[in-house]
Amino acid sequence: MRSLLAAKAWQWIALALAALGAAAAHAQGAPPIAIAARSEIVGRETRLAFTLQSCVSGEAYLLQNPSRAIVDLPEVNFQIDPAVGESEAQHKRSRRRRHAEPKAGLIESFRFGRLAPGKSRIVVDLTGPAAIVSLNCAPIPGAAELTLVLAPSTDAAFKAAARAGAKRQQAAEGPAPAPPAAPSEKPVIVIDPGHGGVDTGALGRDHAIEKFVVLDFAKALGAKLRASNHYRVVFTRDDDIFVPLGERVRIARRLNAALFVSIHADALASNGDDVTGATVYTVSDRASDAEAARIAEHENMADSAAGEEAKESASDVNDILFDLTRRETRAFSHVFARSLTDYFKVAARLNKNPRRSAGFVVLKAPDVPSVLLELGYLSNETDVADLTSPAWRDKASAQVAKAIDAFFARRLPDQPAAASADAALKATQSGGN
Ligand code: ZN
């Protein structure tokens with residue numbers, strides 16, 4: 001009895017301390033603003049310095065495949081053009097008027113942004129094996145400066161440090177929270193705006209940034225679907241935040257989603273002006289063409305762009321039931337892809353080859369029909385003008401909502417799933433796809 005009372009007392013103390021902590025955090029107010037970033041070479045060291053309103057304490061570590069230095073921070077409000085961290089190749093692609101910082105020494109490129117509520121991250125792509133010399137934040141007149149100092153290292157030392165870095169990141173992450181999966185009478189549609197937070201996605205012309213363009217589109221689409229009252233609409237992110245690819249798939253599976261729609265926009269390094277229009281992708285083991293393979297490879301790099309340690313992907317289960325489910329799911333995905341291009345072309349331009357397939361990680365839920373809609377090319381002038389226009393977004397997202405309505409109208413509830421999938425597959429094949 002006494003121990004129970006003691007436990008109760010501790011619980012109250014813990015609660016009181018937590019409340020105090022929350023009050024203190026609130027008193028501190030908004031996260032500090034970062035206003036500038038620059039890299040410089042001093043002797044054999046390469047330094048990356050961020051100018052902030054006030055000092056923050058961070059943790060720096062290394063990761064491999066690809067070689068990166070990661071700086072994990074409390075939440076920072078980065079008011080800095082992401083182009084400042086672009087590599088030369090990325091800079092050519094985005095064709096921005098403002099020039100990227102010339103980078104040399106150990107830094108190939110760098111990114112920064114929000115990772116999760118209360119957390120931000122800087123990801124530095126390295127040109128070779130490096131060691132972290134220091135991470136310091138010191139006041140400067142009227143502001144503060146966070147400086148990461150890197151020095152060349154040996155391959156062996158870098159690899160050992162990167163293994164330690166991976167362990168550190170895993171330990172800090174802890175188990176993923178399981179959100180409650182409220183049973184829903186209505187079909188659940190998961191809308192997945194690509195990228196977010198520290199992972200900006202494609203940087204396009206006229207300062208268009210993929211993560212913002214696709215979030216705006218996703219919100220417009222979600223509002224239309226919710227207004228119809230036919231669906232339960234769930235977003236993988238509804239804010240400028242990083243969500244790992246695997247987590248996007250898990251959200252859809254946990255909710256038993258009836259449809260998963262990932263929204264993206266691409267940019268090309270060369271001939272960017274000639275290539276235009278939307279493309280709808282489905283998952284396949286073998287890419288439909290070289291361009292689809294390139295896009296899938298690029299989109300699948302989202303986790304590493306955000307400074308996440310590469311995780312072992314679960315090997316595909318060789319189970320006959322799994323295989324049947326997946327085949328049926330893919331048939332539904334194809335049906336929806338066809339419907340989506342048919343409806344989308346009413347309001348927007350399609351790519352000359354608008355239905356393709358490749359091994360997109362985010363489309364791999366075996367039991368959720370999934371498509372990835374690339375809205376257009378941020379490297380193309382007309383596409384950028386469209387994709388950033390509220391009027392275009394309104395009419396184009398209305399067509400996606402219509403395609404979704406048509407898809408669900410066809411999936412009759414009294415038809416056994418396998419039979420309807422079979423019919424769906426036949427319809428797709430006879431359509432000459
Ligand atoms: Zn993308």
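Computed from a predicted model, the values in this text were never measured in an experiment.

Draft legend 1. Summary view of the pattern of salt bridges. As enumerated under the stated definition, the model contains 25 salt bridges in all. In this structure, Arg 168 engages Glu 59 in a salt bridge whose closest nitrogen and oxygen atoms are separated by 2.5 Å. One end of the pair, Arg 168, is in helix H3 (residues 155-173); the other, Glu 59, is in strand S3 (residues 59-63), with 109 residues separating them in the sequence. Classification of Arg 168 by relative accessible area gives partly exposed; the value is 40%. Glu 247 is the salt-bridge partner of Arg 250, the closest N and O atoms lying 3.2 Å from each other. Placement of both Arg 250 and Glu 247 in helix H5 (residues 245-254) is noted, with a separation of 3 residues, approximately one turn of the helix. Owing to a relative accessible area of 14%, Glu 247 belongs among the buried residues under this scheme. Each of the salt bridges in this network shares a partner with another, and the network as a whole consists of Arg 38, Glu 40 and Glu 145.

Draft legend 2. Inspection of the coordination of the zinc ion at higher detail. At 2.0 to 2.4 Å from the zinc ion lie its protein donor atoms, namely His 195 (NE2), Glu 210 (OE), His 264 (ND1), Glu 299 (OE) and Glu 299 (OE). Mapping the donors of the zinc ion onto the primary sequence gives the spacing H-x14-E-x53-H-x34-E. Note that His 264 is positioned in strand S12 (residues 259-266) and Glu 299 in helix H6 (residues 290-299), a separation of 35 residues in sequence. Judged by its relative accessible area of 5%, His 264 is buried. The buried category is assigned to Glu 299, whose relative accessible area is 4%.

Draft legend 3. Up close: a nonpolar patch on the surface. Taken together, the side chains of Ile 320, Leu 321 and Leu 324 make up a nonpolar region of the molecular surface, amounting to roughly 350 Å² of accessible area. Inspection of the secondary structure puts Ile 320 in helix H8 (residues 320-347).

Draft legend 4. Examining the sheet that holds strand S2 (residues 45-52) more closely. Strands sit in the order S5-S1-S2-S9-S8 across an open sheet of 5 strands; the sheet is mixed. Of all the strands in the sheet, just strand S5 (77-78) and strand S8 (130-140) have a single pairing partner and so form its edges. Pairing of S8 with strand S9 (residues 143-152) involves 10 bridges; the strand directions are antiparallel. Among the inter-strand pairings, Cys 137 is bridged to a residue of S9, identified as Leu 146.

Draft legend 5. Here's a closer look at the confidence of the model for the protein chain. In the predicted model, the protein chain carries a mean pLDDT of 84, and the fraction of residues at 70 or more is 79%. Segment residues 1-27 is flagged for pLDDT under 50; beyond a separation of four residues in sequence, or across chains, it makes 0 contacts in the model.

Calculation notes
- Residues numbered from 1 in each chain as written.
- Predicted model: local features only at pLDDT ≥ 70, side-chain atom pairs only at ≥ 80, totals over all residues.
- Heavy atoms only, no water.
- Salt bridge = Lys/Arg side-chain N within 4 Å of Asp/Glu carboxyl O.
- Helix = DSSP H or I, 4+ residues; strand = E, 2+ residues; numbered from the N terminus.
- Buried < 20%, exposed > 50% of the residue type's maximum accessible area, 1.4 Å probe, protein only.
- Donors = N, O, S within 2.8 Å, 3.2 Å for Na, K, Ca; no water.
- Patch = residues over 30% accessible without salt bridge, like charges linked within 9 Å, V, L, I, M, F, W, Y side chains within 5 Å.
- Areas by Shrake-Rupley, 256 points an atom, 1.4 Å probe, with all protein chains shown as cover.
- Pairing = 2+ DSSP bridges.
- pLDDT = per-residue confidence, 0-100.
- Contact = heavy atoms within 4.5 Å.

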